[in-house]
Amino acid sequence: MPTDAAPPVTRDDVYAREVPGFGLIRLRPVDPAADTGLLHRWVTEERARFWGMADATPERVREIYAHLDSLPTHHAYLMLRDDAPVALFQTYEPGHDPIGEYYDVRTGDFGIHLLIGPPAGPPVPGFTGTLLEEFLTFVLADPARLRIVAEPDVRNDKVLARLCRAGFVPGPRVELPHKPAQLLFLDRADRRR
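The structure reproduced in this document is the subject of the present report. Model, not experiment: these values are computed from the prediction.

1. Some details on the overall build of the protein
Then comes step 1: Along the backbone of the protein there are four helices and eight strands.
Then comes step 2: For the protein, whose C-alpha radius of gyration is 16 Å, the value lies close to the compact-globule estimate of 16 Å for 193 residues.
Then comes step 3: Projected onto the principal axes, the alpha-carbon positions of the protein cover approximately 45 × 40 × 30 Å.
Then comes step 4: Here the contacts in the protein between residues at least 6 apart in sequence split such that 60% fall between residues at least 24 apart.
Then comes step 5: On the protein, roughly 9,900 Å² of surface is accessible, and the fraction owed to carbon and sulfur atoms is 54%.

Dropping the structure here:
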């Protein structure tokens, strides 16, 4: 039976911070070859249906993340808590992504996607919020990023509520080729901590 043990670290962490009472959070780029098994398990679970990869084979998952890895404008990161993988985060530059055709992209816009991994034990209060907060801290460490953009599926009530609790403000709904999406925006100046 496969486990979600931490994949080997084959690239340097891009972010690491000890969160008091929570543990060591690390963020590292996805390694398409080494992380395929873990990512395939995560993205094909029913709970990840809005990720849009429910029927993907392991080979297809590897191809998708290898393609992302080749782009200078799109990145995928695995978040680890005390060396256990807990989330997949992706970033992109909206002006270099199809979403840029659906709204007026501003200078300083920076897009994100998030997928929290399956629970690996009893519920931890504030778990998802803590992971999102650490990811936002990483993203906004670059002062050129003035506004964070997200476009989850309009039917994904959990992520919509979570992003709004983090300070994101709903924008227009847009009809993407693969999903009806709700644009959400978080201005750097309005970020809640």
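Let us keep going from here.
2. A few points about the environment of L131
Then comes step 1: Summarising the element assignment, L131 is placed in helix 3 (residues 127-139).
Then comes step 2: Take L131: its relative accessible area is 0%, and that puts it in the buried class.
Then comes step 3: For the pair L131 and V19, spaced 112 residues apart in sequence, the C-alpha separation works out to 10.0 Å.
Then comes step 4: Excluding its chain neighbours within four sequence positions, the residues that come into contact with L131 are F22, I25, M79, V86, A87, F89 and I116.

Cut-offs used in this document
Residues numbered from 1 in each chain as written. Predicted model: local features only at pLDDT ≥ 70, side-chain atom pairs only at ≥ 80, totals over all residues. Heavy atoms only, no water. Helix = DSSP H or I, 4+ residues; strand = E, 2+ residues; numbered from the N terminus. Rg over C-alpha atoms; globule rule 2.2 N^0.38 Å. Contact = heavy atoms within 4.5 Å. Areas by Shrake-Rupley, 256 points an atom, 1.4 Å probe, with all protein chains shown as cover. Buried < 20%, exposed > 50% of the residue type's maximum accessible area, 1.4 Å probe, protein only.

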